[in-house]
Amino acid sequence: MPLNTGQKHQRADRWYSETIMGIFSRKKPVERERDIPFVYPSYGYFNPLQGPVTVNSLTSLGIPAVYRCVQIIADSIASLPLKAYRSNTEIEPTPAILAQPDRTMTRHEMMASTILSMLIHGNAYWLLGDRDALGYPRQAVLLATDAVLVQPVGAEVYYKVAGQAYSSEDILHFRGLQMAGSPVGMSVLEHHRRTLGISIAGEDCASEVYNAGGLPVGVLEAEQEMSKVEAEQIKNQFVAANGGRNRTPAILAGGLKYKPLSFNPKDLELIDARQYSAQQVCTIFGVPAFLAGVASPTSMTYSNVNQDSIHFARYTLRPWISRIEASLSTLLPRGQEARFTMDALLRADTLTRYQGYEIAIRAGFLTPAEVRDLEDFALEEEDSMEVTDVQL
């Protein structure tokens, strides 16, 4: 029976107090199996009916296209350098909250897990702590989204975790796309249950065809009419004598004939259906099909791939990066802001860059020394000399 919102939060609070909060008490956490209700994408997105398909974070990530889209977005952003700036000047050393927010994991792991929560649930929560003399946090713990209950009270927002309420000063809330008036981001699981449910059902259908034998492997034909009981007896006798690993020759009498049946995935439209579902998933997450290993309906050329990669960085990664930068900047002193360096993602191919450098040097707004610095080449003495004519 599906759980209501209050019951889910009660279970989440109990689970969270026994596991995550056990880190602070140094007690061994108790392993529990989380109760997730069955939901089937039928009538309405927000009123799913009970059924055989479970749509949650675990089953959704079991879809290859979903896992790949989430992984490539999360790891692409997490791999970018993250620095603090004041008036376009980099601050050194990098604040601890940006360099390694959680001592138990690397910055890449922390950011990738945070982005994964944002992509799937629309929200991610950091519990802040280890504040310096000015009150700015130096460490954070990533909370499970199901363990956090968001409670707006007037102009303030409070977060209930394991029965304890925290203010927005203690919780950093990363939000995805929001509805007007909503304190939380929109969840992919809630707004795309139908598409994800169809993808999960397609995977289950393919599995049943190959594992459980959803289609007959052959037909026994008889020349004479027979009753249902007689047909069942003949089938059972044939299966007992020739089924399983038994490879002895079959002997048929009384006008019986065996006709094998063969079906391929193309005939069953399994490939087309799964490919269409994968393309829909790529559309949801804004990932080019070729990056997720999904066949594209159009032919791909080098120019198309290069252009799609730039569009992916600009129109998919950049919006997520902007949201994360804005949230992290609230943890820094006034006048400072957190920035990811996207130069590597937006970088053109070698020939295009070198042609651009040639134009820039001839026009006089770049020097060879600056070009070498942009390409991370070691500077040489002659780079400091003024160059009036350069041929590349």
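These figures come from a predicted structure and were not determined experimentally. (Residues numbered from 1 in each chain as written. Predicted model: local features only at pLDDT ≥ 70, side-chain atom pairs only at ≥ 80, totals over all residues. Heavy atoms only, no water.)

### Some points on the overall build of the protein
Next, step 1: In terms of helices and strands, the protein carries 14 helices and 11 strands.
Next, step 2: Looking at the protein as a whole, 33% of its 392 residues are labelled buried.
Next, step 3: The long-range share in the protein, meaning contacts at least 24 apart out of those at least 6 apart in sequence, stands at 61%. (Helix = DSSP H or I, 4+ residues; strand = E, 2+ residues; numbered from the N terminus. Buried < 20%, exposed > 50% of the residue type's maximum accessible area, 1.4 Å probe, protein only. Contact = heavy atoms within 4.5 Å.)

### Re the nonpolar core
Next, step 1: In this structure, Ile-73, Ile-77, Trp-126, Phe-285, Ile-324 and Leu-328 are the most contacted members of the largest nonpolar core, which totals 55 residues.
Next, step 2: Per-element accounting of this core gives the leading share, 9 residues, to helix α4 (residues 64-78).
Next, step 3: Look past the residues within four positions of Leu-328 in its chain and what remains in contact with it is Leu-82, Leu-98, Trp-126, Leu-172, Phe-174 and Ala-338. (Core = buried A, V, L, I, M, F, W, Y, C linked by side-chain atoms within 4.5 Å.)

### Here we look at α4
Next, step 1: The end-to-end C-alpha distance of α4, which contains 15 residues, comes to 21 Å, matching closely the 21 Å that a straight helix rising 1.5 Å per residue would cover.
Next, step 2: Residues of α4 that are buried: Ala-65, Val-66, Cys-69, Val-70, Ile-72, Ile-73, Ala-74, Ser-76, Ile-77 and Ala-78. (Expected span 1.5 Å × (residues − 1).)

### Quick notes on the pattern of salt bridges
Next, step 1: Summed over the entire model, instances satisfying the criterion amount to 7 salt bridges.
Next, step 2: Residues Asp-170 and Arg-131 are paired through a salt bridge, measuring 3.6 Å at the closest nitrogen-oxygen approach. With Asp-170 in the loop between β7 (164-166) and β8 (171-175) and Arg-131 in strand β3 (residues 123-131), this residue pair connects regions lying 39 residues apart in the sequence.
Next, step 3: A relative accessible area of 33% places Arg-131 in the partly exposed class.
Next, step 4: Where Glu-358 meets Arg-362, a salt bridge forms, and the shortest distance between an N and an O atom there is 3.5 Å. (Salt bridge = Lys/Arg side-chain N within 4 Å of Asp/Glu carboxyl O.)

### A short note on the sheet that holds β8
Next, step 1: A sheet is described by the order of its strands in space; here 3 strands give the open sequence β4-β3-β8, paired in antiparallel fashion. The outermost strands of the open sheet, each flanked by one partner alone, are β4 (137-143) and β8. Strand-to-strand twist across the sheet, computed as the mean angle between neighbouring axes with direction ignored, equals 30°.
Next, step 2: Across 6 bridges, the pairing between β3 and β4 is antiparallel. Counterpart to Leu-127 in the pairing with β4 is Val-141.
Next, step 3: Contacts from helix α6 (residues 107-121) reach β3, β4 and β8, with the element oriented near 145° to β3. (Pairing = 2+ DSSP bridges. Axes fitted to C-alpha atoms, helices over the stretch in contact; angles between N-to-C directions.)

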